[in-house]
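Per-entry structural report
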Amino acid sequence: MVMWMQAVWEMLSDQKIWNLLGDVQRPLDEDIIRLMFIELFSRVKVLEEENLALRVLLVEQGLVDEELYALTRRAVREFLKEKDDERAAESEFFARSGIPFPEWVNFKLRGTFGNNGEGL
């Protein structure tokens, strides 16, 4: 119960979430995973609401025509696909490099391969 309560408090900031995910030695039990999914789903719902609100303001109010909106969405989708392809190539590179997973996590979180005195 104490670990679960600690996990609840750790969900209150992005930094705590990244620290929790970055500690590859710490097991993620079902309660922690459940809390992360709750937080993630909550953020996705907020983004969905904001996206629909912006669409109403831009398109439905005539500030941007439907064609421009669709063109912009396609451009953003392509941009995100390119970024995802870059991340996939980077992950594949590290997977083949022989770099231990904890060092890779440290690099993704802190930009260095050494632990800089911080334990992973």
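Residues numbered from 1 in each chain as written. Predicted model: local features only at pLDDT ≥ 70, side-chain atom pairs only at ≥ 80, totals over all residues. Heavy atoms only, no water.

Let us look at the overall build of the protein. Regarding its fold elements, the protein presents 5 helices and 0 strands. Going from N to C terminus, the protein has its helices and strands arranged as α-α-α-α-α. Taken over 120 residues, the protein has a buried fraction of 12%. Taking all contacts inside the protein whose residues are at least 6 apart in sequence as the whole, residues at least 24 apart take part in 36%. Approximately 9500 Å² of the protein is accessible, and the part contributed by carbon and sulfur atoms is 61%. (Helix = DSSP H or I, 4+ residues; strand = E, 2+ residues; numbered from the N terminus. Buried < 20%, exposed > 50% of the residue type's maximum accessible area, 1.4 Å probe, protein only. Contact = heavy atoms within 4.5 Å. Areas by Shrake-Rupley, 256 points an atom, 1.4 Å probe, with all protein chains shown as cover.)

Bringing a nonpolar patch on the surface into the picture now. On the surface, W18, L21, L28, I33, F37, L40, V44 and L109 cluster together into a nonpolar patch covering about 740 Å² of accessible area. Mapped onto the nonpolar patch, the elements with two or more residues apiece are α2 (14-22) and α3 (30-60). Within the secondary structure layout, I33 lies in helix α3. A relative accessible area of 35% means that I33 is categorised as partly exposed. (Patch = residues over 30% accessible without salt bridge, like charges linked within 9 Å, V, L, I, M, F, W, Y side chains within 5 Å. Salt bridge = Lys/Arg side-chain N within 4 Å of Asp/Glu carboxyl O.)

Where α2 contacts α3, the two axes come as close as 12 Å, and the packing angle between them is 140°. By the angle between their directions, the pair α2 and α3 is classed as oblique. Pair α2 / α3 crosses with left-handed handedness. For the pair formed by α2 and α3, the contact residues are D14, I17, L20 and L21 on the first element and I32, M36, E39 and R43 on the second. When grouped by side-chain class, the residues that make up the contact of α2 with α3 number 5 nonpolar, no polar and 3 charged. (Axes fitted to C-alpha atoms, helices over the stretch in contact; angles between N-to-C directions. Parallel < 35°, antiparallel > 145°, perpendicular 65-115°, else oblique. Left-handed = near helix turned anticlockwise from the far one by under 90°. Nonpolar A, V, L, I, M, F, W, Y, C, P; charged D, E, K, R; others polar.)

Before going further, it helps to examine the packing of α3 against helix α4 (residues 66-97). In a packed pair of helices, the relevant descriptors are the angle between the two axes and the axis-to-axis distance. Viewed as axis vectors pointing N to C, α3 and α4 meet at an angle of 145°, and their least axial separation amounts to 10 Å. In the packing of α3 onto α4, the handedness of the crossing is right-handed. Only E66, Y69 and R73 of α4 make contact with α3, whose side of the interface consists of N51, R55 and V59. A class-by-class count of the residues in the contact of α3 with α4 yields 2 nonpolar, 1 polar and 3 charged.

Another aspect to go through is the confidence of the model for the protein. Averaged over all residues, the pLDDT of the protein is 81; the fraction at 70 or higher stands at 84%. A low-confidence stretch, residues 116-120 stays under pLDDT 50, and its non-local contacts, those more than four residues away or across chains, total 8 contacts. (pLDDT = per-residue confidence, 0-100.)

In this section: the pattern of salt bridges. The tally for this structure, following the rule as stated, stands at 7 salt bridges. Here E86 ties to K83 by a salt bridge, and the two come within 3.5 Å at their closest N and O atoms. A residue pair is termed a helical-turn pair when its members lie 3 or 4 positions apart in one helix, as E86 and K83 do in helix α4 at 3 residues. You can call E86 partly exposed: its relative accessible area is 47%.

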